[in-house]
Amino acid sequence: MARRKKVYEGKAKILYEGPEPGTLVQYFKDDATAFNAEKRATIDGKGVLNNRLSEFFMNGLTAIGVPNHFIKRINMREQLIRAVEIIPLEVVVRNVAAGSICQRLGLEEGTPMPRPIVEFYFKNDALGDPIVSEEHIIAFGWANQQDLDDMVSLALRVNDFMSGLMLGVGIKLVDFKIEIGRTWDGDFMRLIVADEISPDSCRLWDIETGRKLDKDVFRRDLGDLADAYTEVARRLGVMPQGPSGVSKPTLIN
Ligand code: UDP
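First, a word on what this report is: a plain description of the structure on this page. Every chain is numbered on its own, with residues counted from 1 as its sequence reads. Selection of residues for local features in this predicted model requires a pLDDT of at least 70, selection of side-chain atom pairs for listing and counting requires 80 or more, and totals for whole chains, interfaces and linings are taken over all residues. Hydrogens and waters are ignored; side-chain quantities use all the structure's heavy atoms.

**With respect to the site of the ligand**
The following threshold applies: Only heavy atoms are used to decide nearness, and a residue is near a molecule or strand if one of them lies within 4 Å of it. We define a polar contact as two N or O atoms separated by no more than 3.5 Å, with the added condition that, inside protein, one atom must be a possible hydrogen donor and the other a possible acceptor, whereas residues neighbouring each other in sequence contribute only through side-chain atom pairs. All accessibility values rest on the Shrake-Rupley procedure with a 1.4 Å probe; residue burial counts only the protein chains present in the view. Put simply, Ala, Val, Leu, Ile, Met, Phe, Trp, Tyr, Cys and Pro go in the nonpolar bin, Asp, Glu, Lys and Arg in the charged bin, and everything else, Gly too, in the polar bin.
As a matter of local geometry, the ligand sits amid 16 residues, with Arg94, Ser100, Asp175, Arg203 and Arg219 nearest to it. Between the ligand and Asp175, the relevant distance is 2.6 Å, taken from an oxygen atom to a side-chain nitrogen or oxygen of the residue. Here an oxygen atom of the ligand and a side-chain polar atom of Arg203 are 2.8 Å apart. Notes on the ligand: free accessible area 500 Å², of which the protein chains cover 77%. By residue class, the composition of the shell around the ligand is five nonpolar, three polar and eight charged.

Rendered as structure tokens:
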């Protein structure tokens, strides 16, 4: 079989050259990392679940007119995406306090935000992805004011879409991270949602019980991560039979 050219390998995904110019193949691994890769594990089925969930969310965004990189799913672990120039920022939206904002501002986990808060972090593992202000972003040339306005608008549209979708299946969207890329149509540049949207990059709490259904299950050893992601997928009607594609045996009376 012809070997594809690997373009980039990250902690949870690999990018290969795509079949057409301007496309890439995004492969979802089963690897999980946390705390800037200090904690690592392989979780059977995670890549399959995230491939399907990211497909589902990106298709939904396309349907409501939020531009994103997704073209089509290729197989259980791979999807075809548009190649973009990733802006070196993680864009985080928070609806409820959890994670780093609790330490930074002394907030109790679970405190509702007065309104959705958009934050930017500089993507740099060696520095531990530090939070940055719009001032830094513009001064260092990572994005200009127009890009920033577009990024905030994209992030808030993703937040509204994802919050509504999750609310419909009894899940609170606490916070999430997206990455945004530049793409060119001739001389015309636009910003689109890239990377992935999955329980790896969101905090999702069951509204009734508070059960965590996201990567905090792994970060804090709260149980089986694949079970939590399977529950999210099942509620959304994605892969109702679980990542193996095989339904569990049922008793016949
Ligand atoms: N997040 C992510 N990748 C990162 C950092 C954060 O996907 O490198 C997500 C994280 O899962 C959460 C949100 O962004 O949904 C906010 O994360 P936070 O700043 O609270 O950091 P954390 O507590 O995850 O280190």
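**Brief notes about the pattern of salt bridges**
Heads up, the rule is: Whenever Lys or Arg places a side-chain nitrogen within 4 Å of a carboxyl oxygen from Asp or Glu, that contact is recorded as a salt bridge. Accessibility here uses a 1.4 Å probe with only protein chains present; expressed as a share of the type maximum, an area under 20% marks a residue as buried, one over 50% as exposed, and anything in between as partly exposed. Secondary structure counts use DSSP, requiring at least four H or I residues in a row for a helix and at least two E residues in a row for a strand, with both numbered from the N terminus.
If you walk through the whole model with that rule in mind, you get 31 salt bridges. Among the ionic pairs, Asp31 bridges to Lys29, the shortest N-O distance being 3.9 Å. Taking relative accessible area as the criterion, Lys29 reaches 11% and is therefore assigned buried. Measuring nitrogen to oxygen at the nearest pair gives 2.8 Å for the salt bridge that ties Arg235 to Glu231. Separated by four residues within a single helix, Arg235 and Glu231 lie in helix α6 (residues 225–236), roughly one turn from each other. The exposure class assigned to Arg235 is partly exposed, which follows from its relative accessible area of 23%. By relative accessible area, which is 16% here, Glu231 ends up buried.

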